[in-house]
Amino acid sequence: GADGGVEDPPVFFFFFFFYLRFVFHTSMESPTKLAIVQKVIGRTGSRGQVTQVRVKFLDDQNRLIMRNVKGPVREGDILALMETEREARRLR
């Protein structure tokens with residue numbers, strides 16, 4: 001009701017259910033892809049907090065892309081990439 005009565009929580013759960021369905025649906029149709037770090041190219045970002053790396057996908061061995069990684073990373077590390085279409089711009 002207008003005073004924040006009893007019938008408000010079910011509406012919340014209703015939307016929460018659809019939110020969960022949306023989250024699981026999108027995660028199922030685009031699962032995380034595993035990629036192994038082939039080469040550390042260099043650091044970028046205003047304070048050098050981002051490392052640019054070249055990665056190779058474990059399921060598609062002949063596909064190499066460049067990605068920016070935040071946090072410590074070295075060659076041989078395996079990254080779980082939430083989306084795999086985007087590629088980082090080369091360092092200048």
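Note that the structure is a prediction, hence the values are computed from the model and not measured.

A. Highlighting the sheet that holds strand S3 (residues 64–70). If you walk across this open sheet you meet the four strands as S3-S2-S1-S4, and the pairing is antiparallel. Looking at which strands have only one partner, the edges of the open sheet turn out to be S3 and strand S4 (78–81). Sheet twist, expressed as the average angle between the axes of neighbouring strands with direction ignored, equals 50°. Judged from the seven bridges that link them, strand S2 (residues 50–57) and S3 form a sheet pairing that is antiparallel. Of the residues in S3, the one forming a bridge with Gln 52 is Asn 68.

B. Quick look at the nonpolar core. Formed by Ala 35, Val 37, Val 53, Val 55, Phe 57, Ile 65, Val 69, Val 73, Leu 79 and Leu 81, the largest nonpolar core amounts to ten residues. Taken together, the elements giving at least two residues each to this core come down to strand S1 (33–44), S2, S3 and S4. Examining the composition of this core, we find that three residues originate from one element, S2, more than from any other. In contact with Leu 81, not counting residues within four places along its chain, are Thr 32, Lys 33, Ala 35, Val 55, Phe 57 and Arg 67.

C. Molecular detail of the environment of Leu 34. In this structure, Leu 34 sits in strand S1. Judged by relative accessible area, Leu 34 falls into the partly exposed class, the value being 43%. A C-alpha to C-alpha distance of 6.5 Å links Leu 34 and Ile 78, two positions 44 residues apart in sequence. In contact with Leu 34, not counting residues within four places along its chain, are Phe 57, Leu 58, Ile 78, Leu 79 and Ala 80.

D. Representation of a nonpolar patch on the surface. A cluster of nonpolar side chains, namely Phe 12, Phe 13, Phe 16, Tyr 19, Leu 20 and Phe 22, defines an oily patch on the protein surface of about 670 Å² accessible area. Position of Phe 22 relative to the elements: it lies in helix H1 (residues 8–29). Judged by relative accessible area, which is 53%, Phe 22 ranks as exposed.

E. Up close: the confidence of the model for the protein. Counting all residues, the mean pLDDT for the protein is 83, and 82% of those residues have values of 70 or more. Averaged over each element, pLDDT in the protein is lowest for H1 (70) and highest for S2 (95).

Rules and cut-offs
- Residues numbered from 1 in each chain as written.
- Predicted model: local features only at pLDDT ≥ 70, side-chain atom pairs only at ≥ 80, totals over all residues.
- Heavy atoms only, no water.
- Pairing = 2+ DSSP bridges.
- Helix = DSSP H or I, 4+ residues; strand = E, 2+ residues; numbered from the N terminus.
- Axes fitted to C-alpha atoms, helices over the stretch in contact; angles between N-to-C directions.
- Core = buried A, V, L, I, M, F, W, Y, C linked by side-chain atoms within 4.5 Å.
- Buried < 20%, exposed > 50% of the residue type's maximum accessible area, 1.4 Å probe, protein only.
- Contact = heavy atoms within 4.5 Å.
- Patch = residues over 30% accessible without salt bridge, like charges linked within 9 Å, V, L, I, M, F, W, Y side chains within 5 Å.
- Areas by Shrake-Rupley, 256 points an atom, 1.4 Å probe, with all protein chains shown as cover.
- Salt bridge = Lys/Arg side-chain N within 4 Å of Asp/Glu carboxyl O.
- pLDDT = per-residue confidence, 0-100.

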